[in-house]
Structures are given as structure tokens and as C-alpha cells.
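# Notes for the structure review
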Amino acid sequence: PARVKEWIGPSRRGTSAREASTDFHAVVFRSWSTGVHDFMASAFEGRPPVERQRYVLGLQDAGVRTMSDILVVLESRPIDAAGLHRQDGTIVDLQPERRDLWTDLGFLETSVPIILVDLIVAGQIAQP
């Protein structure tokens, strides 16, 4: 979750979300965390074991210990005509972890569209 906030948050030009060139509202749906050794295990089937070992070691060297599937709904909030950011700045809403993020079609068919509608309506209300 912290990595997602850092990725979406400040731009390279600024040191804080307020100095970023664009504000965002991100809603992050995520699966349960999985150790890097087990995440994507099937992607290495039939491949030499050294490939998977190097992949895992590379992630661990970068400080990555766990991974999870995510679905990010991202709304860009550009700077207004006066060069000011919207008052609420960058927002990251982390949804609770879900065991079966991609296989729970009922959840995907109801929860994600609700978030999209909420973001669209909020964006229209905020328009001058």
C-alpha cells in the first residue's frame, strides 16, 4: 500500500503532492499479499529454475518482499486555470484486501462501476 501511495503521489518536479503537476484520486482494489517467491509461480513453468531464482532475488534486492494483484481506478485532477490545485490534493483510497480479486465477478461487476460513477459525479460537481 505504501508503494502505491508513493507512486501515485508526488511528481518528480515537487517534493510533496501539493507541488505535483497534477492531483489524483486513486481507488486501489487489491488481492491478498503473496510472497515474491510464490507470486507468478506459474509464469516460470517449463523455464530453467535459475530464471525464477534471479527474478525473486532481484525483487528482494529492491526491497520487495510481497506482491499482490491490483486494479487501480485513477482520476486525474489537473491544475485549474489560475495554476492552483484542487483543495483536496492527491487522494489514495486503499480498499480492503480481497482473497479472489479477479475471480469474484459479482464484486467486479458491482463495486468497480460504483467507484467509477462516484468519481465521475464528484468530478462534475467540482467543475466551475
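Residues numbered from 1 in each chain as written. Predicted model: local features only at pLDDT ≥ 70, side-chain atom pairs only at ≥ 80, totals over all residues. Heavy atoms only, no water.

Attention shifts here to the overall build of the protein chain. From N to C terminus, the protein chain includes three helices and five strands. In sequence order, the protein chain lays out its α and β elements as α-β-β-α-β-β-β-α. Expressed as a percentage of the 128 residues in the protein chain, the buried residues total 25%. Sequence separation of at least 24 residues holds for 80% of the intrachain contacts in the protein chain that already meet a minimum separation of 6. (Helix = DSSP H or I, 4+ residues; strand = E, 2+ residues; numbered from the N terminus. Buried < 20%, exposed > 50% of the residue type's maximum accessible area, 1.4 Å probe, protein only. Contact = heavy atoms within 4.5 Å.)

Attention now moves to the nonpolar core. By size, the foremost hydrophobic cluster in this structure holds nine residues: Val27, Phe29, Val73, Leu101, Phe107, Leu108, Val112, Ile115 and Leu119. Those elements that provide at least two residues to this core are β1 (22–31) and α3 (105–126). A per-element tally of this core places α3 first, with five residues. Ignoring any residue separated from it by four or fewer positions in sequence, one finds leucine 108 in contact with Leu71, Leu101, Trp102 and Pro113. Membership of the second largest hydrophobic core comes to six residues, among which are Val36, Phe39, Val56 and Leu59. (Core = buried A, V, L, I, M, F, W, Y, C linked by side-chain atoms within 4.5 Å.)

On to unusual backbone geometry, then. The phi torsion of most residues other than glycine is negative, and most of the peptide bonds are trans. In this model, methionine 40 sits at a positive phi of 65 degrees, which is unusual for a non-glycine residue. In this fold, methionine 40 is placed in the loop between β2 (34–35) and α2 (49–61). The exposure class of methionine 40 is partly exposed, given its relative accessible area of 38%.

In this fold, serine 31 is placed in strand β1. Placed 71 residues apart in sequence, serine 31 and tryptophan 102 show a C-alpha to C-alpha distance of 8.3 Å. Apart from the residues within four sequence positions on either side, serine 31 is in contact with Ser68, Asp69, Glu97, Arg98 and Leu101. A polar contact of 2.9 Å, which involves the side chain of serine 31, links it to the backbone nitrogen of aspartate 69. (Polar contact = N/O pair within 3.5 Å; in protein donor to acceptor, adjacent residues only side chain to side chain.)

Attention now goes to the side chain of arginine 30. Within the secondary structure, arginine 30 sits in strand β1. Accessibility expressed as a relative area gives 16% for arginine 30, which makes it buried. At a separation of 2.8 Å, a polar atom in the side chain of arginine 30 contacts the main-chain carbonyl oxygen of glutamine 95.

With that settled, consider the packing of aromatic side chains. Across all of its chains, the model carries two aromatic pairs by this definition. Where phenylalanine 29 meets phenylalanine 107, the ring centres are 5.6 Å apart and the plane angle is 75 degrees; that geometry is what we call edge-to-face. In this pair, phenylalanine 29 sits in strand β1 while phenylalanine 107 sits in helix α3, placing the two residues 78 residues apart along the sequence. On the numbers, 5.3 Å between centres and 45 degrees between planes, the contact of phenylalanine 44 with tyrosine 55 is tilted. Residue phenylalanine 44 is located in the loop between β2 and α2, and its partner tyrosine 55 is located in helix α2; the two are separated by eleven residues in the primary sequence. On the basis of relative accessibility, which here comes to 27%, the residue tyrosine 55 falls in the partly exposed class. In this structure, arginine 98 is placed above the aromatic ring of phenylalanine 107, and the distance from its NZ or CZ to the ring centre is 3.7 Å. (Phe/Tyr/Trp six-rings, centres within 6.5 Å; stacked < 30°, edge-to-face > 60°. Lys NZ or Arg CZ within 6 Å of the ring centre and 35° of its normal.)

That is the geometry; function is a separate question.
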